[in-house]
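Listed below, chain by chain, are the residues.
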Amino acid sequence: QVQVVESGGGLVQPGESLTLSCKASGSIFSIYVMGWYRQVPGKQRELVADIASTITQHYADDVKGRFTISRDDAKRTVYLQMNSLKPEDTAVYYCYTSGWDDYRQEFRVWGQGTLVNVSS
């Protein structure tokens, strides 16, 4: 089985920075996409950023220029560097990854989420 574990959430003040990490493990043959979504109570989970390669990246409009996603394939880890954080960035952030396992079966896995709270 494939699983992901997030880390790095916490409480920060507006304008500060935070970096989230997510490491995938298990019977992984190849990872295609790694990304971050976020959700606040009463709203749907939304894409923050994802990365399929160093060239193929997507960002939500409201985080462009402030957040940077990157991945280390050797470590099977994706990072989300969040700068100039705003109160509206407060949410539970979920890691997501998809790819193929050792049996060449496609997998899609979500993490359990990490809380980012931006408050003064």
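Now for a description of the structure that goes with this document.

Criteria and cut-off values
Residues numbered from 1 in each chain as written. Predicted model: local features only at pLDDT ≥ 70, side-chain atom pairs only at ≥ 80, totals over all residues. Heavy atoms only, no water. Pairing = 2+ DSSP bridges. Helix = DSSP H or I, 4+ residues; strand = E, 2+ residues; numbered from the N terminus. Buried < 20%, exposed > 50% of the residue type's maximum accessible area, 1.4 Å probe, protein only. Contact = heavy atoms within 4.5 Å. Salt bridge = Lys/Arg side-chain N within 4 Å of Asp/Glu carboxyl O. Polar contact = N/O pair within 3.5 Å; in protein donor to acceptor, adjacent residues only side chain to side chain.

Focus on the pairing of strand 4 (residues 28-39)
In this sheet, strand 9 (residues 91-101) lies alongside strand 4 in antiparallel orientation, the contact comprising 10 bridges. Within the sheet, the bridge partner assigned to Trp 36 lies in strand 9 and is Cys 95. Inspection of the sheet shows strand 4 paired to strand 5 (residues 46-51) by five bridges, in the antiparallel sense. When the bridges of strand 5 are listed, Trp 36 appears paired with Ala 49. Hairpin connection from strand 4 to strand 5: six residues lie between these consecutive antiparallel strands, with Gly 42 at a positive phi of about 85°.

Some details on the pairing of strand 9
Within strand 9, nine of the 11 residues are buried, which leaves the element mostly enclosed by the surrounding structure. Bridge count between strand 9 and strand 11 (residues 114-118): three bridges; the pairing is antiparallel. Residue pairing across strands places Tyr 93 opposite Thr 114, the latter belonging to strand 11. In terms of strand pairing, strand 9 meets strand 10 (residues 106-110) through five bridges, oriented antiparallel.

Quick word on the environment of Thr 56
Looking at the secondary structure, you find Thr 56 in the loop between strand 5 and strand 6 (57-59). Dropping the residues within four chain positions of it, Thr 56 is found in contact with Asp 50 and Ile 51.

Overview of the pattern of salt bridges
Here the structure, examined in full by the defined rule, presents seven salt bridges. Ionic pairing is found between Lys 64 and Asp 61, a salt bridge with its closest N-O pair at 3.2 Å. Residue Asp 61 is classed as exposed on the basis of its relative accessible area of 64%. Salt bridges linked by common partners bring Arg 38, Glu 46, Asp 62, Arg 66 and Asp 89 together as one network.

Description of the environment of Asp 73
Its place among the elements puts Asp 73 in the loop between strand 7 (67-72) and strand 8 (77-82). Residue Asp 73 is classed as exposed on the basis of its relative accessible area of 53%. Measuring from C-alpha to C-alpha, the distance between Asp 73 and Lys 23 comes to 10.0 Å, with 50 residues separating the pair along the chain. At a separation of 2.7 Å, a polar atom in the side chain of Asp 73 contacts the side chain of Arg 71.

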